[in-house]
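# Observations on chain architecture
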Amino acid sequence: MLAGGPPQSVAAYPENDRDFHAVKKDKWAERKACFIVPKCLYFPLSPNADFCHFAGIRFAMYVLFVPPFGGGKEILMKIAILNGSPRIENTAAMVNAFSEGAKEAGHEVEILHVGRMKIGGCLGCEYCHGKGGGQCVQKDDMEKVMPSYKEADMIVYASPIYYFDVTAQLSAAMQRVYAIGKPAKAKKAALLLSSGSPNPYNGAIATYKDMLAYMGVENAGIFTAAGDENGSEAKLAEIRNFAKGL
Ligand SMILES: Cc1cc2nc3c(=O)[nH]c(=O)nc-3n(C[C@H](O)[C@H](O)[C@H](O)COP(=O)(O)O)c2cc1C
């Protein structure tokens with residue numbers, strides 16, 4: 001039933017495609033601008049400027065940061081996608097289609113490959129609600145997921161159905177949010193599910209909907225790809241267009 005051959009090597013599969021910090025740095029890089037000032041003005045600004053000559057006149061060149069007023073690309077939402085698949089195949093295709101559409105619309109997207117992370121199940125010790133002050137007692141890969149979870153305006157849960165539910169890795173990542181109660185900023189969520197047979201989604205969808213109702217987060221959409229729909233251009237276009245319209 002599993003299409004697409006054996007998993008690719010772990011080393012070839014990045015944990016995080018892009019993190020929100022890196023995106024912030026890019027935004028500042030985009031705001032760099034070069035100024036050219038005639039020689040008579042350069043000295044008070046800086047004696048270390050680079051110089052160029054034009055028509056026999058010496059100019060000083062400065063690279064300055066333009067403050068973030070106007071200009072630059074406006075970021076609409078920060079979207080964290082939790083991909084529960086350990087493989088780079090069918091769920092990954094849905095995730096990539098979503099990511100392409102969302103980026104085209106101006107959103108920032110971070111893909112967290114939780115399917116390849118080591119995330120333990122909740123121990124029920126309540127350390128997080130006591131001494132831990134929102135921190136889990138377990139020091140594992142959930143520490144990589146939590147910052148994005150807290151910062152995201154939208155969270156997308158993506159998973160193959162591995163025996164009638166989302167993967168155990170994604171399930172653990174969803175449940176470990178218990179440590180903070182609710183993601184602080186998230187207003188929207190979506191669910192992407194891939195399967196072999198036509199309708200094994202009841203369990204995954206019920207959990208997702210109950211969790212969103214508790215969190216007060218809106219369900220923006222649920223997309224499923226069964227059997228031959230996996231990787232089909234029609235299905236990927238549907239997901240891409242949905243994300244583009246967010
Ligand atoms: C361990 C395992 C269990 C699976 N269980 C189901 C299942 O219960 N129902 C189903 O429709 N498909 C099942 N499948 C098929 C996968 O959901 C399907 O091949 C999916 O597209 C895999 O996505 P991926 O490429 O992201 O791993 C299972 C596959 C595996 C490997």
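Everything discussed here concerns the structure shown above.
The strand order across the open sheet formed by five strands is 5-4-6-7-8, and the pairing between neighbours is parallel. Edge positions in the sheet fall to strand 5 (108-112) and strand 8 (218-226), since each of these pairs with one other strand and no more. Adjacent strand axes in the sheet meet at a mean angle of 15 degrees, parallel and antiparallel pairs treated alike. Examined bridge by bridge, strand 7 (residues 188-195) and strand 8 share eight bridges and lie parallel to one another. Bridge pairing in strand 8 places Ala190 opposite Gly221.

Okay, the site of the ligand next. Of all residues adjacent to the ligand, which total 20 residues, the nearest are Ser85, Glu89, Thr91, Pro160 and Gly196. Of all the secondary-structure elements, those providing two or more residues to the shell around the ligand are helix 3 (90-104) and strand 7. Here the residues of the shell around the ligand sort into nine nonpolar, nine polar and two charged.

What follows deals with helix 5 (residues 168-175). All buried positions along helix 5 are accounted for by Gln169, Leu170, Ala172, Ala173 and Met174. Against strand 4 (78-83), helix 4 (142-151), strand 6 (154-160) and helix 6 (202-215) lie the buried residues of helix 5.

Criteria and cut-off values
- Residues numbered from 1 in each chain as written.
- Predicted model: local features only at pLDDT ≥ 70, side-chain atom pairs only at ≥ 80, totals over all residues.
- Pairing = 2+ DSSP bridges.
- Helix = DSSP H or I, 4+ residues; strand = E, 2+ residues; numbered from the N terminus.
- Axes fitted to C-alpha atoms, helices over the stretch in contact; angles between N-to-C directions.
- Near = placed C-beta within 6 Å.
- Nonpolar A, V, L, I, M, F, W, Y, C, P; charged D, E, K, R; others polar.
- Buried ≥ 20, exposed ≤ 12 C-beta atoms within 10 Å, placed from the backbone.
- Contact = placed C-beta atoms within 7 Å.

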